[in-house]
Amino acid sequence: MFQLYDEKRRKRYALTGLIKEIGRTSECDLYLGEDERISRVHARLDWDGTGWVLVDMGSTNGTLVNGEKVAERKLEPGDVIEIGDTELRYLPLAVGDEAARKKTTKVTKVEHGAKSTREADATRRFSEGKTVQKKD
């Protein structure tokens, strides 16, 4: 897991999910409304399965990574993202950060026809007389 850290404001944004929009509108996942040089929807972060990719959304003032203007860039730990007058450092998130872990959704893939762990537990408990699960 990763985070964007704003050293100036001492604020961090845990990166969870698959897409994060960054901008000046309150509808963005990373709301930076106090910086007037940021476009309403300035940039987007996309999870590509191995890391986060920063994409400029056609912003007026552009997006920089480590001082270089970019349209799209895969982020590396320690990169500094400049959006308007705001600098965000891309950093690993501590594994023990309970608040960030609670925001993450765990997805379990179950093969077609196979019982999920939950179904297997319900069946086991049913046979022990502890619960009843309805069939669909």
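Everything below is about the structure shown above.
Residues numbered from 1 in each chain as written. Predicted model: local features only at pLDDT ≥ 70, side-chain atom pairs only at ≥ 80, totals over all residues. Heavy atoms only, no water.

Asker: Explain the overall build of the chain to me, and be specific about the residues and the numbers.
Answerer: Per the secondary structure count, the chain includes two helices and 11 strands. Reading the chain from its N end, one meets helices and strands in the order β-β-β-β-β-β-β-β-β-β-β-α-α. In the chain, which comprises 136 residues, the proportion classed as buried is 32%. Across the chain, the fraction of contacts at a sequence separation of at least 24, relative to all contacts at a separation of at least 6, is 36%. (Helix = DSSP H or I, 4+ residues; strand = E, 2+ residues; numbered from the N terminus. Buried < 20%, exposed > 50% of the residue type's maximum accessible area, 1.4 Å probe, protein only. Contact = heavy atoms within 4.5 Å.)

Asker: Quick one: what's the story with the pairing of strand β2 (residues 11–15), residue by residue and with numbers?
Answerer: Relative to β2, strand β1 (residues 2–6) runs antiparallel, the two being bridged by five bridges. When the bridges of β2 are listed, Tyr-5 appears paired with Arg-12. Here β1 folds back onto β2, and the loop between the two strands holds four residues, one of which, Arg-10, carries a positive phi near 55°. (Pairing = 2+ DSSP bridges.)

Asker: Could you give me a rundown of the pattern of salt bridges, with the residues and numbers involved?
Answerer: As enumerated under the stated definition, the model contains seven salt bridges in all. As a salt-bridge pair, Arg-89 and Glu-7 come within 3.2 Å of each other at their nearest N and O atoms. Linking Arg-89 in strand β11 (residues 86–92) with Glu-7 in the loop between β1 and β2, this pair joins segments that are 82 residues apart in sequence. In this structure Arg-89 comes out as partly exposed when scored by relative accessible area, which is 29%. For Glu-7, a relative accessible area of 47% corresponds to the partly exposed category. Where Asp-48 meets Lys-74, a salt bridge forms, and the shortest distance between an N and an O atom there is 3.1 Å. Within this pair, whereas Asp-48 is found in the loop between β5 (43–47) and β6 (52–56), its partner Lys-74 is found in strand β9 (residues 72–74), the two being separated by 26 residues in sequence. Each of the salt bridges in this network shares a partner with another, and the network as a whole consists of Asp-6, Arg-9 and Glu-34. (Salt bridge = Lys/Arg side-chain N within 4 Å of Asp/Glu carboxyl O.)

Asker: Can you explain the sheet that holds β2? Please cite residues and give values.
Answerer: Sheet architecture is open: six strands sit in the order β2-β1-β11-β10-β7-β8, paired in antiparallel fashion. The open sheet has two edge strands with one neighbour each: β2 and β8 (68–70). Going from strand to strand, the sheet's axes swing by 30° on average, the running direction of each strand aside. Here strand β10 (residues 80–83) pairs with β11 via four bridges, running antiparallel. (Axes fitted to C-alpha atoms, helices over the stretch in contact; angles between N-to-C directions.)

Distances and angles like these do not, on their own, reveal function.
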